[in-house]
Every structure is written in C-alpha cells, then in structure tokens.
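Close look at the chain arrangement
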Amino acid sequence: MTNTLYVGAEDYIQAMHVTEVPDDFDGLSALAGMYLDEITNNYYQTHTIDDDPFDLRVTRFKRAVMLQIKYMADTGIKSSAQYKAAQAQTVSQSIGATTVSKTLGDAAANVSGTIVCDDALRSLSGTGLLYRGVMHL
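Named according to an unreviewed UniProt entry, the protein chain is DUF4054 domain-containing protein originating from Lacticaseibacillus hegangensis.

Structure, rendered in structure tokens:
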C-alpha cells in the first residue's frame, strides 16, 4: 500500500474557500489519507479513486480528507497519543474543606476514541465506505 495524497493544494484551497493551505500541507494530507484509509478498510488503496463510477462517494471521501486536514491543522492533533492526551480530564469532589482530585490521563481517557474528526465521519456516512457488515448473532 502506498501513502496516497488524495487531495492537492489547489483542490483544498478551492473547496475549503481559503487563500492558502496549512503549513506542512503534504504531511497533513498524507496523514489524513492514512487515517481515512484505516476507517474505510483501505477502499481507495484497492480501488482506483479516479475510476470510481460513484462520483458522490469520491466527492465525499475527498471532502472527508479535507475536513481531516483542517481538523489536524486547527487543533495540532496529528497522532492518537496527542488525541488521547487532549481527552484527559480532571475530576474533583469536595466535601467540606476536603477536596480530592484525579486526572484521567491518556491511559484512561477515551481509549476507544478515534483521531478522525466527527465532520469527516459525517461526510463519509451514506457512501458505504464505513460499512462493516452485519454482526453475527
């Protein structure tokens, strides 16, 4: 499998209505493609995106890549470790003058979460790319 850049800088500028791409655009684009390949079961690694007869699927996949690029550029979160650390939260309980606090770090905070942003996932809904089959009973 190759590290495919599904979206070019010009496509990003036009579709996202911006005047310039984020710093390290190629790196972010490669990461976004890799993360989306993982959740789409590598669909466009085994099928050619340019030959896909379902234009809506291609458009929505590319939109998902662009939204993921924007998310990573805006938040600075580029790895699952960074994502988990951002999910850390502190829980405090006070009774009278006594306060107990605990920080739930990356080992406990949303371990099953995904670095793929909600907007990208919503863009892929209805395309069949997120289909995982029917659970057996």
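Back to the text.
1. Concerning the packing of aromatic side chains
One pair of aromatic rings is described through two measures. These are the centre distance and the angle between the planes. Counted by the stated rule, this structure contains five aromatic pairs. A network of ring pairs unites the aromatic residues Y6, Y43, Y44 and F61 as a single cluster.

2. Re a negative patch on the surface
A surface patch of like charges, here negative, comprises E20, D23, D24 and D26. By secondary structure assignment, the location of D26 is in helix α2 (residues 25-39).

3. Structural notes on the nonpolar core
Of all hydrophobic cores here, the largest spans 29 residues; its most connected members are L36, Y44, F61 and V65. Of all the secondary-structure elements, those providing two or more residues to this core are α1 (9-16), α2, α3 (43-46), α4 (55-75) and α6 (118-124). Top element by residues in this core is α4. It accounts for eight residues. Excluding residues that lie within four positions of it along the chain, Y44 makes contacts with Y6, I49, D52, R57, V58, F61 and L129.

4. Brief notes about the side chain of R60
The residue R60 is located in helix α4 in this model. One buried charged residue, R60, forms no salt bridge at all, with the nearest opposite charge on D119 at 11 Å. Within the structure, the side chain of R60 is placed 2.4 Å from the backbone oxygen of S125, a separation counted as a polar contact. Once residues within four sequence positions are removed from consideration, R60 is found in contact with R122, S123, L124, S125 and T127.

5. With respect to the packing of α2 against α4
Running from N to C, α2 and α4 cross one another at 120 degrees; their axes reach a closest spacing of 9 Å. The angle between α2 and α4 falls in the class oblique. Considering how the two elements wind past one another, α2 and α4 form a crossing that is right-handed. Contact residues: α2 offers F25, L28, S29, L31, A32, Y35, L36 and D37, while α4 offers F61, A64, V65, Q68, I69, M72 and A73.

6. Some thoughts on unusual backbone geometry
Unlike most non-glycine residues, D24 shows phi in positive territory, near 55 degrees. Following the sequence through the fold, D24 ends up in the loop between α1 and α2. A residue is classified by how much of its surface remains accessible, and D24, at 52% relative accessible area, is exposed. With a phi close to 55 degrees, N42 is a non-glycine residue in the positive phi region. Considering the arrangement of structural elements, one finds N42 in the loop between α2 and α3.

7. A few points about the environment of S92
For S92, the position within the fold is in strand β1 (residues 89-95). By relative accessible area, which is 45% here, S92 ends up partly exposed. Sequence spacing of S92 and K102 is 10 residues, and the spatial spacing of their C-alpha atoms is 6.5 Å. Setting aside residues up to four positions removed in sequence, S92 forms contacts with V100 and S101.

8. Some points on α2
Here α2 is 15 residues long and its end C-alpha atoms lie 21 Å apart, about the 21 Å a rise of 1.5 Å per residue gives. For α2, the secondary structure elements touched by its buried residues are α1, α3, α4, α5 (80-86) and α6. Following α2 by one or two positions, N41 has its phi on the positive side, about 55 degrees.

Basis of the calculations
Residues numbered from 1 in each chain as written. Predicted model: local features only at pLDDT ≥ 70, side-chain atom pairs only at ≥ 80, totals over all residues. Heavy atoms only, no water. Phe/Tyr/Trp six-rings, centres within 6.5 Å; stacked < 30°, edge-to-face > 60°. Patch = residues over 30% accessible without salt bridge, like charges linked within 9 Å, V, L, I, M, F, W, Y side chains within 5 Å. Areas by Shrake-Rupley, 256 points an atom, 1.4 Å probe, with all protein chains shown as cover. Salt bridge = Lys/Arg side-chain N within 4 Å of Asp/Glu carboxyl O. Lys, Arg positive; Asp, Glu negative; His and termini not counted. Charge placed at Lys NZ, Arg CZ, Asp CG, Glu CD. Helix = DSSP H or I, 4+ residues; strand = E, 2+ residues; numbered from the N terminus. Core = buried A, V, L, I, M, F, W, Y, C linked by side-chain atoms within 4.5 Å. Buried < 20%, exposed > 50% of the residue type's maximum accessible area, 1.4 Å probe, protein only. Contact = heavy atoms within 4.5 Å. Polar contact = N/O pair within 3.5 Å; in protein donor to acceptor, adjacent residues only side chain to side chain. Axes fitted to C-alpha atoms, helices over the stretch in contact; angles between N-to-C directions. Parallel < 35°, antiparallel > 145°, perpendicular 65-115°, else oblique. Left-handed = near helix turned anticlockwise from the far one by under 90°. Expected span 1.5 Å × (residues − 1).

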